[in-house]
Amino acid sequence: MKIRQHPRMRDIIIGDEVYSFPQQLFACVEEVFPAAVCVRVGILSVNGHLEMIHSPQLWRADDIENLSVCRYCGSRDNVQVEHGTGIPFRVCSHCRRTPVEDRRSSHGYDGPDW
Ligand SMILES: [Zn+2]
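Bear in mind the structure is a predicted one, so any value in this text is a computation, not a measurement.

Cut-offs applied
Residues numbered from 1 in each chain as written. Predicted model: local features only at pLDDT ≥ 70, side-chain atom pairs only at ≥ 80, totals over all residues. Helix = DSSP H or I, 4+ residues; strand = E, 2+ residues; numbered from the N terminus. Buried ≥ 20, exposed ≤ 12 C-beta atoms within 10 Å, placed from the backbone. Contact = placed C-beta atoms within 7 Å. Core = buried A, V, L, I, M, F, W, Y, C linked by C-beta atoms within 7 Å. Pairing = 2+ DSSP bridges. Axes fitted to C-alpha atoms, helices over the stretch in contact; angles between N-to-C directions.

(A) Up close: the overall build of the protein. Regarding its fold elements, the protein presents two helices and seven strands. Listing the helices and strands of the protein from first to last along the sequence gives β-β-β-β-β-β-β-α-α. Put simply, the protein has 114 residues, and 18% of those count as buried. Nonlocal contacts in the protein, meaning residues at least 24 apart in sequence, comprise 34% of its contacts between residues at least 6 apart.

The following block contains the structure:
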């Protein structure tokens with residue numbers, strides 16, 4: 001039996017920072033599966049006293065964006081945080097020089113359109 005890998009999972013390695021759109025949470029990748037990642041999410045819990053719980057969660061590849069690579073081409077070289085979106089997407093030096101309109105078409109970007 002062959003498990004098909006989600007295209008987004010190609011670029012994700014353990015330790016990458018990912019953002020979950022439905023949960024609106026950031027987390028670090030702990031384990032990589034063909035179509036999902038296992039992350040550990042810090043949850044602040046109030047049970048008589050304040051406590052930080054690190055709860056493992058499985059996030060589907062469809063729901064996440066890898067923040068450790070360039071959001072346009074997936075490169076890890078010279079990536080910097082792109083400001084102005086509220087989410088710390090990273091962009092490589094090559095894509096920073098490319099006008100925004102040209103990035104999506106030339107790299108086949110298929111993420112959420114916002
Ligand atoms: Zn790039």
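(B) Fine view of the nonpolar core. The biggest cluster of nonpolar side chains holds nine residues, and these are Ile 12, Val 18, Ala 27, Val 29, Val 37, Val 39, Trp 59, Ala 61 and Ile 64. Contributing elements (two or more residues each) for this core: β2 (25–32) and β3 (36–47). Ignoring sequence-local partners within four residues, the contact set of Val 39 consists of Val 18, Ala 27, Cys 28, Val 29, Glu 30, Gln 57 and Trp 59. With seven residues, the next largest nonpolar core counts Val 69, Cys 70, Phe 89 and Cys 95 among its residues.

(C) Local environment of the environment of Ile 43. The topology assignment puts Ile 43 in strand β3. When the C-alpha atoms of Ile 43 and Ser 55 are compared, they prove to be 7.1 Å apart, with 12 residues separating the residues in sequence. In this structure, Ile 43 is in contact with Ile 53 and Ser 55, ignoring residues within four places of it in sequence.

(D) Here's a closer look at the environment of Arg 76. Within the secondary structure, Arg 76 sits in the loop between β5 (64–66) and β6 (80–81). Along the sequence, Arg 76 and Cys 92 sit 16 residues apart, while their C-alpha atoms lie 7.2 Å from each other.

(E) Looking closely at the pairing of β2. Judged from the four bridges that link them, strand β1 (residues 17–20) and β2 form a sheet pairing that is antiparallel. Bridge assignment links Val 18 to a residue of β2, and that residue is Ala 27. Linking two consecutive strands that pair antiparallel, namely β1 and β2, is a turn of four residues; a positive phi of about 55 degrees is found at Gln 24 within it. The pairing of β2 with β3 spans four bridges and is classified as antiparallel. Following the sheet pairing, Cys 28 is matched in β3 by Arg 40.

(F) Representation of the sheet that holds β1 in the model. Strand order in the open sheet formed by five strands is β4-β3-β2-β1-β5, with antiparallel pairing between adjacent strands. Looking at which strands have only one partner, the edges of the open sheet turn out to be β4 (49–60) and β5. Averaged over neighbouring strand pairs, the angle between their axes works out to 40 degrees when direction is ignored.

(G) Structural view of unusual backbone geometry. In this structure, Gln 24 takes a positive phi of about 55 degrees despite not being glycine. With respect to the element layout, Gln 24 can be found in the loop between β1 and β2. Taking the C-beta count within 10 Å as the criterion, Gln 24 has 8 such neighbours and is therefore assigned exposed. Non-glycine residue Asn 78 carries a positive phi angle of around 55 degrees. Here Asn 78 shows up in the loop between β5 and β6. With 12 C-beta atoms packed within 10 Å, Asn 78 lands in the exposed category.

Purely spatial values, then, with no claim about function.
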